[in-house]
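Chain residues, written in single-letter form:
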Amino acid sequence: MSHSRDPYDRSHEPQADDVYGQEPWMLDPYADPYAGQTAQNPPEGYTPEQLYAQEPYVPGPETGQMLAQTGYPPPYEGDYRTGEFQAPYEPEPEPEFEAWPTSEEMRAGEEPEAEPERARGGRMAAAAAAAAAARPRLRRVRKQRSRRLDNTALVALGLIAVMAVALLLNRPHQWEQPKLAADSSAPAAATVVCPGKARKGTDQVTVTNAADGSGEVTLSGPGAGKGTQATVGSGKVTGASVKPGSVVVKAGKEVAPGLVAGRSTTKPLAATGCLAPQAEAWFPGVGAGATHNSVLELTNPNSGAATVDISLYDDKGAVAVPEDLRGVAIPGNTTRTFDLLHVIPRKGELSLKTTVVRGQAGVMVRDRAIALESGATSEDYFPGQSTPAETNLLVGYPNSSSRRTLTVANPGDTQVSAELRLLTPKNVLTPEGAPEIKVPPNGQTQVDLTKLLGKDSAGDAYGVEIVASGPVTTAMRSVGGGDVAITTATETISKPTAVVVPAGAGVGKKRVVISGPVAKTGSSGTVKVVPMTAKGKALKAKSVKVGPGLGAEIEVPAETALIQLVPEGVQVNAAVVLSGDGDAVVPFHPLRSEVRTAGVAPGLPLPLEP
């Protein structure tokens, strides 16, 4: 118990009024701030209605918003007695924020009463009470604003639609895209690639011009050493001395129209035509085994680098490509060869596809037949097929072969069924016992045609027609007496063309095999065969009539070095079958005698009629 004279005893002193030291949110709006003071002049109590009735002190939107965020009211400027306040600015409500209610909305449903002026504590309590009462009555302006924008967008879209309909209904002109005819001209240059020499035999590269041109041609590449030149005349066959490597023949504008070249060996016999660089080539039925092996040869005729992609297929589908055959880079003026026996050794045949993705490349395969007992090797050239087709004609094959194998490759993603027919001089027929050919997607199928093309069953047949339900590529490999020969799908010819063939002691019989148009609606016509010697002397020419399902075989003299084929009003497929110390098949290709330039039209159509 403290002493009455204790200087630190404050129990008898009046308590200080600390209402004004409290924050607005700590006040009870319904409590009397003057409770506990002396009762000399007791203040009047405030009711909620009286607090709301203090009109000059009702906070506006800014006050409620600041109280909600910070708890402190904003500074007011003006006379609170009259209710005239001067705010520094009144910001526009933003659509992404919620707007607080106005004072009129807060006083809705309340009857104001005139009250005398209250102390500062009453004003703070009124502000806090008004802020608390305004919170649950927020209103949004986002939906109203977005609704107005949606209406504006709908009006704009409607105007655009009306304008589009008006333009369609009121066309001031009749529009037509002008058409320009393609322009054709003689080629200013030509390049063909001759493959490397076969393993055995006397080698020769021959060049001629099947048109009326004459001049100099340049021989380059690994087989030409440092490069040589040769003089070429119209109808005259010029032989060049070269090495075993591949040879590139380039001609200027004097010789480019009608340039024809070929490479051949005798004893044993092998021959092929020199081809222009191809963007894509197919080789169905190549080998990578002990008895059947193939060598892929890629030649870059230009100084810039080239790149070739290689794909492989077998009876089950696509085959994983070895690393050596992925994106093959070929430096300028060089040749790269790949022996499939060493790159991807396997039992059974493959189908090979080459795609040039950069630069240019001449592509050729040398196919080999190897006898296990003696080790004797026979080699011949295998020209590729440039484009898959639903109808493929394999024209010409050796009659003395003891084994024939047909390979059909399907580049598509769905299974393909094919029908086999025989080409005879009088008609095209489906032989009895013809096999049903089904080719898996991205795969190949092989068919043994040894019995079907034998002398007893099809002695007069000169070729095979494959009609498939989808684009395919085909080739037939004939082996007899240790010799190999390849028959590939030939190209359709409608204009004069020519092919060079070897002439010498190792070459015996030469026959030109011609097949008429396949379609029944195709026209009939005459084909003229003109054999010529190496010096340009024309031998006895022969003309035959061909048509749908009607073909012919013409034998030419042994000294023939150049054979010209002249179709007259008919499209044909043809090849030359050589027999002697071995067999070889050389197909005819269209002669590159002109270059067509596509017509160029304006980017926008022009009005023709006002």
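Before any of the text, the structure's been laid out above.
What counts and what doesn't
- Residues numbered from 1 in each chain as written.
- Predicted model: local features only at pLDDT ≥ 70, side-chain atom pairs only at ≥ 80, totals over all residues.
- Heavy atoms only, no water.
- Helix = DSSP H or I, 4+ residues; strand = E, 2+ residues; numbered from the N terminus.
- Buried < 20%, exposed > 50% of the residue type's maximum accessible area, 1.4 Å probe, protein only.
- Contact = heavy atoms within 4.5 Å.
- Areas by Shrake-Rupley, 256 points an atom, 1.4 Å probe, with all protein chains shown as cover.
- 1 Å grid on protein atoms, 1.4 Å probe; cavity = no way out; pocket = protein on both sides within 12 Å on 5 of 7 lines; lining within 4 Å.
- Points joined across faces, edges and corners; volume = space filled by probe spheres on them.
- Nonpolar A, V, L, I, M, F, W, Y, C, P; charged D, E, K, R; others polar.
- Core = buried A, V, L, I, M, F, W, Y, C linked by side-chain atoms within 4.5 Å.
- Pairing = 2+ DSSP bridges.
- Salt bridge = Lys/Arg side-chain N within 4 Å of Asp/Glu carboxyl O.
- Phe/Tyr/Trp six-rings, centres within 6.5 Å; stacked < 30°, edge-to-face > 60°.

> Explanation requested: the overall build of the protein chain in the structure shown.
Each helix and strand counted, the protein chain has seven helices and 39 strands in total. Within the protein chain, buried positions represent 42% of all 610 residues. In the protein chain, the share of contacts with a sequence separation of at least 24, taken over all contacts with a separation of at least 6, comes to 79%. For the protein chain, the accessible surface area stands at approximately 32,600 Å², while carbon and sulfur atoms represent 52% of it.

> I keep staring at the environment of Ala558 and nothing clicks. Help me out?
Within the secondary structure, Ala558 is located in the loop between β34 (552-556) and β35 (562-568). Separated by 20 residues in sequence, Ala558 and Leu578 place their C-alpha atoms 9.8 Å apart. What Ala558 contacts, discounting residues up to four positions off in sequence, is Ala503, Gly508 and Lys510.

> I would appreciate a short explanation of the layout of surface pockets in the present structure.
To find leftover empty space, one rolls a probe the size of a water molecule over the atoms. One number sums up the size of the second largest pocket: a volume of about 980 Å³. Around the second largest pocket, the lining is made up of 42 residues, and of these Glu491, Phe588, His589, Pro590 and Leu591 lie nearest the centre. Elements represented by at least two residues in the lining of the second largest pocket include exactly β5 (190-194), β11 (259-266), β22 (389-395) and β30 (497-500). Looking at the lining of the second largest pocket residue by residue, the class counts come to 23 nonpolar, 17 polar and two charged.

> Hey, could you run me through the nonpolar core in this one?
A general trend in soluble globular proteins is that nonpolar side chains are found buried together. Among the nonpolar cores identified, the biggest contains 31 residues, and Phe283, Val286, Leu296, Leu298, Ile310 and Leu352 are the most heavily contacted of them. If one sorts the elements of this core by residue count, strand β15 (residues 306-314) sits on top with four residues. When sequence neighbours within four positions are dropped, the list of residues in contact with Ile310 reads Leu296, Leu298, Val321, Leu325, Val328, Leu352, Lys353 and Thr354. Core analysis: the second largest hydrophobic core is formed by 25 residues, Val546, Ala552, Ile563 and Leu565 among them.

> For this particular structure, what's the right way to read the pairing of strand β23 (residues 403-410)?
On a regular strand, one side chain projects to one face of the sheet and the next to the other, so that they alternate. β23 sits mainly inside the fold: six of its eight residues count as buried. Relative to strand β28 (residues 463-480), β23 is paired through seven bridges, and the arrangement is antiparallel. Of the residues in β28, the one forming a bridge with Thr405 is Arg477. Where β23 meets strand β27 (residues 443-448), six bridges bridge the pair, whose relative direction is antiparallel. Among the inter-strand pairings, Leu406 is bridged to a residue of β27, identified as Val447.

> When you look at the pattern of salt bridges in this model, what are you seeing that I'm missing?
Should their charged atoms come close, side chains of opposite charge can pair. Scanning all chains against the criterion turns up 12 salt bridges. In this structure, Glu297 engages Arg366 in a salt bridge whose closest nitrogen and oxygen atoms are separated by 2.6 Å. Placement of the pair is Glu297 in strand β14 (residues 292-299) and Arg366 in strand β20 (residues 362-370), with a sequence separation of 69 residues. Arg366 carries the same exposure label as Glu297, and that label is buried. Residue Arg477 is joined to Asp367 by a salt bridge in which the shortest nitrogen-to-oxygen separation is 2.6 Å. On the criterion of sequence distance, the pair formed by Arg477 in strand β28 and Asp367 in strand β20 is long-range, its members being 110 residues apart. Classification of Arg477 as buried rests on a relative accessible area of 13%.

> What exactly am I supposed to notice about empty space enclosed by the protein here?
The tally for this structure, following the rule as stated, stands at six cavities of 30 Å³ or more. Approximately 60 Å³ is the volume attributed to the second largest cavity. Looking at the lining of the second largest cavity, the elements with two or more residues in it are β5, β14 and β20. Per-element accounting of the lining of the second largest cavity gives the leading share, three residues, to β20.

> Explain the side chain of Glu465 to me, please; I cannot follow it from the model alone.
Secondary-structure assignment places Glu465 in strand β28. Once you skip the residues sitting within four places of it in the chain, Glu465 turns out to touch Thr391, Asn392, Leu393, Glu419, Leu420, Arg421, Leu423, Val428 and Val518.

> Mind showing me how you'd approach the packing of aromatic side chains here?
Any aromatic ring pair is given by two values, namely how distant the centres are and how the planes are angled relative to each other. Tallying each qualifying case throughout the model produces two aromatic pairs. Ring geometry for Trp282 and Tyr313: centres 5.6 Å apart, planes at 20°, overall stacked. With Trp282 in strand β13 (residues 280-287) and Tyr313 in strand β15, this residue pair connects regions lying 31 residues apart in the sequence. Both residues of the pair, Trp282 and Tyr313, count as buried. Consider the rings of Phe283 and Phe382, whose centres lie 5.6 Å apart with planes at 80°: the pair is edge-to-face.

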